[in-house]
Amino acid sequence: MNKTLRSLILAAAAILPTTAVLASEGQSLRIATEGAYPPFNFFTADGQLGGFDIEIGRALCAQMKANCEFVAQDWDGIIPALLADKYDLIIASMFITEERKQKVAFTEPYQKSAMTFVVPKDSDLKDFSPKGLAGKTIGAQGSTTQGDYLSAMFPDSDVRLYPTQDAVNLDLASGRLDAQVGDMIPMLEWTQKSEDGACCVLAGAPISEAKYVGEGVGIALRKEDAALREQLNQALAAIIADGTYKAINDKYFSVNLLTLQK
Amino acid sequence: MIDILERFSGQLLSGAGLTLQITLIASLLAFCLSLPLALLRRSPSAAWRWPVRLYVSFFRGTPLLAQLFLVYYGSGQFRVPLTEAGLWWFFRDPYYCALLTFVLNSTAYQVEILRGGLRAVPSGQIEAGIALGLRKLELYRRIILPNAYRIAFPALGNELILLLKGSAVVSVITVLDVMGQTRRAFSQTFDLSVYFWAAVLYLLMTTIFVLLWRRLERCLTRHLHCRSAQPGKRRGLFTRLSTGVAP
Amino acid sequence: MEWLSYLSFTGGGWGDELLRGLGVTLALAAASLPVGLALGLAVAALGLCRRALWRGLAASFSTTIRGLPELLTLFIIYHGVGLALNSLLKWLSPGATPVELSPFLAGVIALGLVFAGYSSEVWRGAWQSLDRGQLEAAQAIGVRRLTIFRLIELPQLLRLALPGLGNLWISLIKDTALVSVIALNDLMRMANVAVGVTKKPFLFFAVVCLVYWAICLLCEWGLARLEQRANRGFEREGRAA
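Residues numbered from 1 in each chain as written. Chains lettered and ligands numbered in written order. Predicted model: local features only at pLDDT ≥ 70, side-chain atom pairs only at ≥ 80, totals over all residues. Heavy atoms only, no water.

### A word on the sheet that holds strand β6 (residues 89-95) of chain A
Residue and element names in this part refer to chain A.
- Read across the sheet, 5 strands follow the order β5-β1-β6-β13-β7 without closing on themselves; strand pairing throughout is mixed. Unpaired on one side and paired on the other, β5 (67-72) and β7 (105-106) mark the two borders of the sheet.
- Seen against the sheet, helix α2 (residues 52-64) touches β1 (28-33), β5, β6 and β13 (217-221) and runs at an angle of roughly 160° to β5. (Pairing = 2+ DSSP bridges. Helix = DSSP H or I, 4+ residues; strand = E, 2+ residues; numbered from the N terminus. Contact = heavy atoms within 4.5 Å. Axes fitted to C-alpha atoms, helices over the stretch in contact; angles between N-to-C directions.)

The structure is reproduced here in structure tokens:
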């Protein structure tokens, strides 16, 4: 019942002004993530947030000696809510793109980025050009780089944008989609490690056009919090240097996320 | 604000077309289904009454969003049997899933409205019909149903508006209705005026619909308004509809 | 019986999460109700004013709210009010610390507004069917306006408006499901989370439907009892005995 209580208290607390983010020791930070993007961020069976993003966030907080609290936020509203001061950071495997940089600031990348097509195992699709996929049904999560990529590049296909990655996976597995475009790493994990992902395989060449995948995956924060950004960059460099990053990386993935190499 | 309208007006209008299309098709199908079910609901035999009662109660007692998820994502779990039954092409498409859900939902509401209409038909008129020796079918066709539909008419209009507004949930299963286009545009621009224009569009649709429905209602109940209709030249259906009251 | 384990209340089962979600759903509905009732009554009172301006204001509020999809109202409140509030705050005092609008509070405001829009019509209808003679009699013996409202009008209003308000309450409970779309961990959203992990959409959405159905049936039963109680001393038609 304690979540009910917490939401009631949150509702009450929401009326009071929250303390501004100050770059000082012992600061408290609210971090948003999506919670529907395994293995980066997801809900465990006991309803808690977990995953690579969460652990990186915790490691950064420990390095900065900050008190952190994670909140789950829908992807569609994740940037607007940051701008509306609902939380201070987004650690949710977000690509650093030009369009997003106009709204928010990013730290240095903490993962390298690429996208890929995924198709059902029995699919005979070979040609992943706009022409080859004309008339096909392709899915992706909305408000994402892969969604923008599909909307911009495949005007002749039936492009469907879903609220969560889970929903895209569900519909690819059930055969509603002919193909989907997703981030390389989660798609690799999904197809190789999960029961339902066994339906499908990666296909085509990796998509790495900088226009769509940007410079990598970063932590988003408001532009005015420049001091916080500096602190995060230092903390990130520190956890990469002392091996904390590698330990978390190896717990979840067989490839190194900073290089996308084995 | 205006620049947002210029940039997205095409998408918003195509969304409005889809919203109207889903609403109209679903409500027409529900309109056809609701009459036999409403009659069953009034059947003297409990074996006929109870299934309809349960169906109506379930669809009126659960959120439309939950029903939509049950039909759309739920059917995905039964792909193999559905393919074998030759039905998968239907459930594969989010548009058809939304249509099915809305038909089921709206039928339940319309059955309940029609039941109220049937109950409110003045018993004197029915008795008069029986006294005239009308057969059961005649009785329904000439006395009971016209009365019941006239009584239920305003409530049916409300139900249509509720369905029009309720159809916004299809945006959650990737259908690009007004709401879907709006959310897509908002995620590209983070500009709140998109929501403003969507609100204007919905208000326009509901207001026009309310005005049309009132006209239609006046037209249907014109025998109650003008007692001394002048014999004159016959007018076409369109003129009668557009003036509401036949002079 | 494998599916039962998905719903168990321990460890890997989702029963406890769904129950927590149900708690949030009920808390949301319960918190929106007083907001909607009071605001609806105020709008109805405004709609019965002599000044055309107030009447127009009340009418446009209820028409707008009733003409918009609840989902859109919710998005406008959630995304819009937060930004508007903060820019207002910055304009008033540039150094002010920003406030935040939680999904729960946004839900309460949006659902409260929707409830107010519809309930103002119910209140107005009830108000207009009050017996004018009672009001005049009370004024004739010199009772103050506020006392008239409290002792004569309100008790009768509650009785007359009860069936309409009851229906709105049931709609309100169903509308709470929409708040799952803006990331409040209500019953609907917990089911979505469970589906994401277990890939058993039919099971979880069916369970969620059944839970909502049970709540609605329970409320219908309670409302029928309440109406019976409010109408004691009246004939079935609701006319004075």
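Still to come is the rest of the account.
### Things to note about the side chain of Glu153 of chain C
Residue and element names in this part refer to chain C.
- Along the polypeptide, Glu153 turns up in helix α7 (residues 145-175).
- For Glu153, a relative accessible area of 6% puts it in the buried group.
- Discounting chain neighbours no more than four positions away, the residues touching Glu153 are Trp127, Leu130, Leu135, Arg145 and Ile148. (Buried < 20%, exposed > 50% of the residue type's maximum accessible area, 1.4 Å probe, protein only.)

### Concerning the nonpolar core
- Membership of the largest hydrophobic core comes to 198 residues, with the highest contact counts inside it found for Phe52 and Phe117 of chain A, Tyr73 of chain B together with Met188 and Phe204 of chain C.
- The element that contributes the greatest number of residues to this core is helix α8 (residues 136-166) of chain B, accounting for 13 residues.
- Beyond its immediate sequence surroundings of up to four residues, Tyr73 of chain B is in contact with Tyr162, Ala167, Leu170 and Asp171 of chain A, Leu68, Val172 and Ile173 of chain B together with Pro201 and Phe205 of chain C.
- Val71, Val104, Phe106 and Ala220 of chain A belong to the second largest nonpolar core, which has 16 residues in total. (Core = buried A, V, L, I, M, F, W, Y, C linked by side-chain atoms within 4.5 Å.)

### Topic: the state of the cysteines
- A full pass over the atoms with the stated rule returns 2 disulfides over all chains.
- Paired by a disulfide, Cys199 of chain A and Cys200 of chain A hold their sulfur atoms 2.4 Å apart. Residues Cys199 of chain A and Cys200 of chain A are joined through a disulfide that is left-handed, its torsion about the S-S bond being -85°.
- Judged by its relative accessible area of 24%, Cys199 of chain A is partly exposed.
- If the cysteines joined by disulfides in chain A are listed in sequence order, their pairing comes out as 1-2, 3-4.
- You can see Cys97 of chain B has no disulfide; the closest cysteine sulfur is in Cys209 of chain C, sitting 14 Å from it.
- You can call Cys97 of chain B buried: its relative accessible area is 0%. (Disulfide = S-S within 2.5 Å.)

### Brief notes about the interface of chain B and chain C
- The interface of chain B with chain C comprises 33 residues on the first partner and 36 residues on the second.
- Summing both sides of the interface, chain B and chain C together bury roughly 2,800 Å²; the carbon and sulfur share of this comes to 78%.
- Seen at the junction of chain B and chain C, the total is 1 salt bridge.
- Ionic pairing is found between Glu70 of chain C and Lys165 of chain B, a salt bridge with its closest N-O pair at 3.3 Å.
- Elements supplying a minimum of two residues to the side of chain B that touches chain C: α2 (46-61), α3 (64-76), α8, α9 (178-189) and α10 (193-220) of chain B.
- Counting residues per element, the side of chain B that touches chain C draws most heavily on α3 of chain B, which supplies 7 residues. (Buried area = accessible area lost by both parts, 1.4 Å probe. Salt bridge = Lys/Arg side-chain N within 4 Å of Asp/Glu carboxyl O.)

### Describing the sheet that holds strand β3 (residues 41-43) of chain A
Residues and elements named next belong to chain A.
- With antiparallel pairing, the 3 strands of this open sheet are ordered in space as β2-β3-β4. Each having just a single partner strand, β2 (36-37) and β4 (49-50) make up the two edges of the open sheet.
- Where β3 lies against β4, 2 bridges are found, and the strand directions are antiparallel. By the bridge assignment, Phe42 is partnered in β4 with Gly50.

### Remarks on the UniProt feature "domain: Solute-binding protein family 3/N-terminal" (unreviewed entry) in chain A
- Per the UniProt annotation, the sites labelled "domain: Solute-binding protein family 3/N-terminal" (unreviewed entry) are residues 28-256 of chain A.
- The straight-line gap between the two end C-alpha atoms of residues 28-256 of chain A is 30 Å; of that span, 35% is helix and 27% is strand. (UniProt positions renumbered as here; feature names shortened; annotations may be inferred.)

### What about the pairing of strand β9 (residues 137-141) of chain A?
All names here are of chain A.
- Of all 5 residues that make up β9, 5 are buried, and the element is covered over most of its length.
- Neither face of β9 is exposed, since Thr137, Gly139 and Gln141 on one face and Ile138 and Ala140 on the opposite face are all buried.
- Sheet topology note: the β9/strand β10 (residues 158-162) ladder contains 5 bridges and is parallel. Looking at β10, one finds that Gly139 is bridged to Arg160.

### What to know about the environment of Pro155 of chain C
- The topology assignment puts Pro155 of chain C in helix α7.
- Expressed as a C-alpha distance, the spacing of Pro155 of chain C and Ala230 of chain C, which sit 75 residues apart in the sequence, is 9.5 Å.

### Comments concerning the domain arrangement of chain A
All names here are of chain A.
- Per the domain assignment, the segments of chain A are domain 1 (25-112 + 215-252) and domain 2 (115-213).
- Inter-centroid distance (C-alpha atoms) of domain 1 to domain 2 is 25 Å.
- Domain 1 puts 16 residues into the contact, and the matching count from domain 2 is 18 residues.
- Summed over both sides, the interface of domain 1 with domain 2 buries roughly 1,300 Å², with 51% coming from carbon and sulfur.
- When the buried surface of domain 1 facing domain 2 is broken down by residue, Tyr37, Trp75 and Phe95 rank first, second and third, together holding 39% of it.
- There are 0 salt bridges connecting domain 1 and domain 2.
- Here domain 1 and domain 2 share 6 residue pairs in polar contact (both at pLDDT 80 or more) between them. (Domains from an automatic or database assignment. Polar contact = N/O pair within 3.5 Å; in protein donor to acceptor, adjacent residues only side chain to side chain.)

### What to know about the side chain of Ser174 of chain A
- Mapping Ser174 of chain A onto the fold places it in the loop between α6 (165-173) and β11 (179-183).
- Given the relative accessible area of 5%, Ser174 of chain A is considered buried.
- A polar atom in the side chain of Ser174 of chain A sits 3.4 Å from the backbone oxygen of Asp171 of chain A.
- Those residues in contact with Ser174 of chain A, other than ones at most four positions away along the chain, are Gly76, Arg79 and Trp88 of chain B.

### Quick word on a nonpolar patch on the surface
Residues and elements named next belong to chain B.
- A cluster of nonpolar side chains, namely Met1, Ile2, Phe196, Val200, Leu204, Ile208 and Leu212, defines an oily patch on the protein surface of about 670 Å² accessible area.
- Counting residues per element, the nonpolar patch draws most heavily on α10, at 5 residues.
- Of note, Ile2 is situated in helix α1 (residues 2-41). (Patch = residues over 30% accessible without salt bridge, like charges linked within 9 Å, V, L, I, M, F, W, Y side chains within 5 Å. Areas by Shrake-Rupley, 256 points an atom, 1.4 Å probe, with all protein chains shown as cover.)

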